[in-house]
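Examination of the molecular architecture
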Amino acid sequence: MANAAPMTRSFLQVAATEEVASPLRVVQIEGLVILKIIKHCKEFSPALVTGQLLGLDVGSVLEVTNCFPFPIREEDEEIEADGANYQLEMMRCLREVNVDNNTVGWYQSTLLGSFQTVELIETFMNYQENIRRCVCIIYDPSRSNQGVLALKALKLSDSFMELYRSNNFSGEKLREKNLSWVDIFEEIPIKVSNSALISAFMTELEADTPVTQCDYDRLHLSTKPFMERNVEFLIECMDDLSMEQQKFQFYYRNLSRQQTQQQSWLQKRRAENIARKAAGEEPLPEEDSSNPIFKPVPEPSRLDSFLITNQISNYCNQINGVAGQSLNRLYLTKALHEN
Amino acid sequence: MATPDQTVLQFFPLSTSLSAKVHPVVIFNICDCYVRRPHQAERVIGTLLGSISFDGVVQITNSYAVPHNDSLDQVALDIDYHHNMLLSHQKVNPKEVIVGWYSTGFGVSGGSALIHEFYSKEVQNPVHLTVDTGFKNGEASIKAFISVNLSLGEKQLAAQFQEIPLDLRMIEAERVGFDILKKTMVDKLPNDLEGMESTMERLLAVIDDVYKYVDNVVEGNIAPDNSIGRFISDTIASIPKISPAAFDKLINDTLQDHLLLLYLSSLTRTQLSLAEKLNTAAQIL
């Protein structure tokens, strides 16, 4: 007995030290999950859908071993409760067939990578409350038509989450934390794993043709619709950003106006005080909180502009990627034609 | 002499034009369920979901495992579980209905008829898919069956499983890329340009093959095959004939378009980083 007690304690200690886990480095997804996500997202495209990811948290690797789709969300509250039931029911059922019964995050589809929204952050924070380590997998069905597997694993950075909890996005705070728009989301590298059985099946079943559907998609010359929409979205975002910047300009203008007002008030007060001193009277206080010009002007939150900036840079990346691809293609066509 | 009202021994339905198409996600799911089967269980059984089109093609697009108990001569299926799962699946996608059931193992086994009968109540003429996870013949055999009743007049004598043609819809898997699905571990997803590179390599290899073949035929090393020749000439004919000047203009215009877009996006990025610097600097008033 006496021996057992220290043993358990040391075990607990070990468990406690494990708690301070290494940061999440890799998300390891099963091929099955990829196919399931793609199936769900494609079936409902262009509607945006979500689903739950199940898996295991092993050290710095988050293993995603299964997933299930959510029904399309309705605004009705009754149905919302139904959705929660559905989730529990599904998890229970899957556990019965020995699927990992541990939520590790969620997946969602997106249109041209326009996923950086406040809702995403809110959902992430909700998940984060319950699960220490969670991840969001984003799949873009529109890009897969070009032979790209547009799968991304994202998480919010720790410093951003801290800031989000305090709900303070003033410029000062951001500078203090040294947080810029690049630091909101962290992209985690994805690894794909397959069980040996699946690997064997796929090797068996792979068609003999040297050209696959993926190749056809990639060699498709027309990228115009995709580019067009991308640029369209980009322009919209730019408009939004300039709106945000106008807000800031307005804020600064107000701020500087207030500061000059304060200065002039102070000067007046000082001159008055000197006069009062000369007359042998008590000087008036140099600060007056009841005066409206001392009321601090609320600073607009920078979250929106950060998100829009993120979005814009995402569109830029996509444009660059696709343009690079089509430049390749064009040179290829040229070479072929000359031959 | 056989007259119409005489009792005859016959199969029902006589001949079927049914065929099945299986999506790779189903195979993946079955394999995963098999890997995760309970201790001592030898096989997994589950429900297949999908749709049936009018021309008799059964699309199998989804599946889920159903716990069961295999004893010597009987099979007990957890029917409650089956119904719960079905309801859940229908909430997500009401278009997917039961089309049949699957079991791992090679071909049809003893208890199959019983389960098949159960599924016959759920859906007319269910498909039975078998996936040989044991690689009995040294190959991955996936087969689809339907049940055919042997009846003598009105009286049913027996049921027979008849194999129907099965098509593996690998296009979806191809879209993802076999390179990713084939290996047990892939460290990194290919990005745009890497994918393009491998595609170009494959294209080059294919063109090389064609060249070699044509050269060999011209030199008389290989007997010419008319159908291949026609394919090649069709392919070459499908390249539109454009005058070099027009073609150059076409290519150059598109090139310019893309370069402009690239320029635009770099400009935007510069603008962003500039704006960020200004925004944080403007604080120090």
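All figures in this text were calculated on a predicted structure; none of them were measured in a lab.

With that settled, consider a negative patch on the surface. All names here are of chain A. The grouping of Glu-228, Glu-232, Glu-236, Asp-239 and Asp-240 at the surface amounts to a negative patch. Summarising the element assignment, Glu-228 is placed in helix 10 (residues 224-278). According to the relative accessible area criterion, Glu-228 is exposed, its value standing at 53%.

This next bit is on the environment of Ser-71 of chain B. Residue and element names in this part refer to chain B. For Ser-71, the position within the fold is in the loop between strand 5 (68-70) and strand 6 (75-77). Note on Ser-71: relative accessible area 40%, which makes it partly exposed. Taking C-alpha positions, Ser-71 is 9.6 Å from Gly-111, a pair spaced 40 residues apart along the chain.

For the rest of this paragraph, the subject is unusual backbone geometry. Residue and element names in this part refer to chain B. A positive phi angle, near 55°, is found at Asn-125, a position not held by glycine. Within the fold, Asn-125 resides in the loop between helix 3 (112-122) and strand 8 (127-131). Classification of Asn-125 as partly exposed rests on a relative accessible area of 29%.

Moving on, we come to the pattern of salt bridges. This structure, assessed with the given rule, holds 11 salt bridges over all chains. A salt bridge links Glu-96 of chain A to Arg-92 of chain A, with the shortest nitrogen-to-oxygen separation between them at 3.4 Å. You can see Glu-96 of chain A and its partner Arg-92 of chain A sitting in helix 3 (residues 77-96), 4 residues apart, about one turn around the helix. One salt bridge in this structure joins Glu-244 of chain A and Lys-247 of chain A, with 3.3 Å as the shortest N-O distance. You can see Glu-244 of chain A and its partner Lys-247 of chain A sitting in helix 10, 3 residues apart, about one turn around the helix. On the basis of relative accessible area, Lys-247 of chain A is assigned to the partly exposed category, the value being 43%. Here the salt bridges share partners, and the residues they tie into one network are Lys-39 and Glu-43 of chain A together with Glu-96 of chain B.

Residue and element names in this part refer to chain A. Per-residue confidence for chain A gives a mean pLDDT of 78, with 86% of residues at or over 70. Residue range residues 1-7 is modelled with pLDDT below 50. Its contacts to residues more than four positions away, or to other chains, number 0 contacts. Confidence over residues 15-19 falls short of pLDDT 50; this stretch has 1 contact with residues more than four positions distant or in other chains.

Looking now at the environment of Arg-218 of chain A. Within the secondary structure, Arg-218 of chain A is located in helix 9 (residues 213-219). Sequence spacing of Arg-218 of chain A and Gln-325 of chain A is 107 residues, and the spatial spacing of their C-alpha atoms is 8.5 Å. Sequence-distant contacts of Arg-218 of chain A, that is, excluding residues within four places in its chain, are made with Gln-146, Gly-147, Gln-325 and Arg-329 of chain A together with Gly-195, Met-196, Ser-198, Thr-199 and Arg-202 of chain B.

Taken together, the contact between chain B and chain A spans 88 residues of the former and 100 residues of the latter. Approximately 8600 Å² of surface area, both sides summed, lies buried where chain B meets chain A, with 67% of it carried by carbon and sulfur atoms. The tally of links from chain B across to chain A stands at 2 salt bridges. The residue Arg-36 of chain B makes a salt bridge to Asp-100 of chain A at a minimum N-O spacing of 3.6 Å. Our enumeration of links across chain B and chain A arrives at 7 residue pairs in polar contact (both at pLDDT 80 or more). Contributing elements (two or more residues each) for the side of chain B that touches chain A: helix 1 (24-35), strand 4 (57-66), helix 2 (79-92), helix 4 (171-176), helix 5 (178-182), strand 12 (185-186), helix 6 (192-219) and helix 8 (244-281) of chain B. For the side of chain B that touches chain A, the leading source of residues is helix 8 of chain B, giving 18 residues. Of the residues belonging to the side of chain B that touches chain A, the class tally is 47 nonpolar, 21 polar and 20 charged. Pairing of strand 8 (residues 190-193) of chain A with strand 12 of chain B involves 2 bridges; the strand directions are antiparallel. Its bridge partner lying in strand 12 of chain B, Val-192 of chain A is registered against Val-186 of chain B.

Reading the values: the criteria
- Residues numbered from 1 in each chain as written.
- Chains lettered and ligands numbered in written order.
- Predicted model: local features only at pLDDT ≥ 70, side-chain atom pairs only at ≥ 80, totals over all residues.
- Heavy atoms only, no water.
- Patch = residues over 30% accessible without salt bridge, like charges linked within 9 Å, V, L, I, M, F, W, Y side chains within 5 Å.
- Areas by Shrake-Rupley, 256 points an atom, 1.4 Å probe, with all protein chains shown as cover.
- Salt bridge = Lys/Arg side-chain N within 4 Å of Asp/Glu carboxyl O.
- Lys, Arg positive; Asp, Glu negative; His and termini not counted.
- Charge placed at Lys NZ, Arg CZ, Asp CG, Glu CD.
- Helix = DSSP H or I, 4+ residues; strand = E, 2+ residues; numbered from the N terminus.
- Buried < 20%, exposed > 50% of the residue type's maximum accessible area, 1.4 Å probe, protein only.
- pLDDT = per-residue confidence, 0-100.
- Contact = heavy atoms within 4.5 Å.
- Buried area = accessible area lost by both parts, 1.4 Å probe.
- Polar contact = N/O pair within 3.5 Å; in protein donor to acceptor, adjacent residues only side chain to side chain.
- Nonpolar A, V, L, I, M, F, W, Y, C, P; charged D, E, K, R; others polar.
- Pairing = 2+ DSSP bridges.

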